[in-house]
Amino acid sequence: MSEKILFTDMDGTLLNSAKQISPALRDLLQKMTAAGNRLVLSSGRTQDSIEKVMRYTGLSFPGMLVISTNGNAVYDCDAQRFLFQKSVPRNIAQGIIALAHKRGIHIQSYTDTHVVCEKEDAELAYYRKGTGMDALLTDDIMRVVQNPPNKLLAISLESRSRLEPLQKDVLAQYGDTVTALFSCDQYLEFFDKTAGKGNAVRYVCDYLHIPLSRAVAVGDAENDISMLEAAGTGAAMANADPAVKECADYVTQNDNDHDGVAEVVRRYFTF
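Residues numbered from 1 in each chain as written. Predicted model: local features only at pLDDT ≥ 70, side-chain atom pairs only at ≥ 80, totals over all residues. Heavy atoms only, no water.

**A short note on the nonpolar core**
Note the cut-off: Note on terminology: a nonpolar core comprises buried Ala, Val, Leu, Ile, Met, Phe, Trp, Tyr and Cys residues joined through side-chain atoms within 4.5 Å. To sort residues, take the accessible area from a 1.4 Å probe on protein chains only and compare it with the maximum for the residue type: under 20% means buried, over 50% means exposed, and anything in between is partly exposed. Note on contacts: a residue pair qualifies if any of its non-hydrogen atoms lie within 4.5 Å across the two residues.
Membership of the largest hydrophobic core comes to 56 residues, with the highest contact counts inside it found for Ile5, Leu6, Phe7, Leu29, Leu41 and Val204. Setting aside chain neighbours within four positions, we find isoleucine 5 in contact with Arg38, Val40, Val204, Cys205, Leu208, Ile210, Arg214, Ala215, Val216 and Phe269. One finds Leu99, Ile107, Leu166 and Leu188 within the second-largest nonpolar core, a separate group that totals 24 residues.

**Some details on the sheet that holds strand S9 (residues 151-155)**
Just so we agree on the cut-off: A pair of strands counts as paired when DSSP detects no fewer than two bridges linking them. Segments assigned H or I by DSSP are reported as helices when at least four residues long, segments assigned E as strands when at least two residues long, and all are numbered from the N terminus. Lines fitted to the C-alpha atoms define the axes, with helices restricted to the stretch that makes contact. Angles between their N-to-C directions range from 0 to 180 degrees.
Taken in spatial order, the six strands make up an open sheet running S8-S7-S6-S9-S11-S10, and their pairing is mixed. Single-partner strands in this sheet number two, and they are strand S8 (134-137) and strand S10 (178-184). Shown here is a sheet whose adjacent strand axes are inclined to one another by a mean of 30°, direction ignored. Across six bridges, S10 lies against strand S11 (residues 187-192) in antiparallel orientation. Looking at the pairing, leucine 181 lines up with glutamate 189 of S11. Together, strand S6 (106-110), S9, S10 and S11 form the strand contacts of helix H3 (residues 90-102), whose direction differs from that of S6 by roughly 155°. Those strands touched by helix H6 (residues 160-174) are S9, S10 and S11, and its axis lies near 165° from that of S10.

**A word on unusual backbone geometry**
Although it is not a glycine, asparagine 70 sits at a positive phi angle of roughly 60°. Looking at where asparagine 70 falls in the secondary structure, it is placed in the loop between strand S3 (65-68) and strand S4 (73-76). In this structure, glutamine 80 takes a positive phi of about 55° despite not being glycine.

**Re the sheet that holds strand S12 (residues 215-219)**
Strand order in the open sheet formed by eight strands is S5-S4-S3-S2-S1-S12-S13-S14, with mixed pairing between adjacent strands. The open sheet is flanked by strand S5 (81-85) and strand S14 (250-251), the only strands paired with a single partner. Examined bridge by bridge, strand S1 (residues 5-8) and strand S2 (residues 38-42) share four bridges and lie parallel to one another. In the strand pairing of S2, leucine 6 is matched with leucine 39. On top of the sheet, helix H2 (residues 47-57) reaches S2, S3, S4 and S5; it is set at about 135° to S3, its chief contact.

**Digging into the pattern of salt bridges**
Our working definition: What counts as a salt bridge is simple: a side-chain nitrogen of Lys or Arg found within 4 Å of a carboxyl oxygen of Asp or Glu.
Inspection of the entire model under this criterion finds 15 salt bridges. Two residues, arginine 160 and glutamate 164, come together in a salt bridge whose shortest N-O distance is 3.2 Å. Of this pair, arginine 160 and glutamate 164 are both found in helix H6, four residues apart, which corresponds to roughly one turn of the helix. A residue is classified by how much of its surface remains accessible, and glutamate 164, at 30% relative accessible area, is partly exposed.

Take a look at the structure:
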């Protein structure tokens, strides 16, 4: 079997600081997939947000799959359908929102197409600038979201240390059902405990009948660790958190602003 599969995180990994990819990297990924290999985008972003990035960057190759909302959903781009979706129970989502309120921390969830939160603040402006998503403002997030959400996101632009007590609160009350991981110092993500990028990697490899030993994963943040550990080969970006580098088989010399992912492709894929 010659087919291999690349799982790549997006923000801080595949995408540069301007939320773009270079023409050279896009061409390299095109050659990689044209040779019969697979590309899977794996992100904390929602499916709608990932699809927007795919359109404006030209990242659309045959056989692509998407892992969205930190492994809560897997989408087959060719078939245009979800292979699975997981969610946070409504009562627990409401409890997480209440805990965020007690600490005065911005909290948001999602419909299929919009961010849902309570007010237009600096945190929402920061998030929208990074993702391009539109927002719905409401005094009752779960009333607007309606269905059990794929995830919730707490944001603090002050410091990671402001979010860490909320992480402890949520895990203490709901840790048997949900997990709480940082996707960057400003973002604390809450999602189904049985989800996560690592479990999504295992699901995708089983679905495509590709051994995990032929899977390569690359990322930069705490929520990427399970993905790097699940894949046969895990690569960390030069700009990755120290904890991510510690669990990686390879650390790139270049960061996400200098096509670090290209190093991984050239090192582990032959085409």
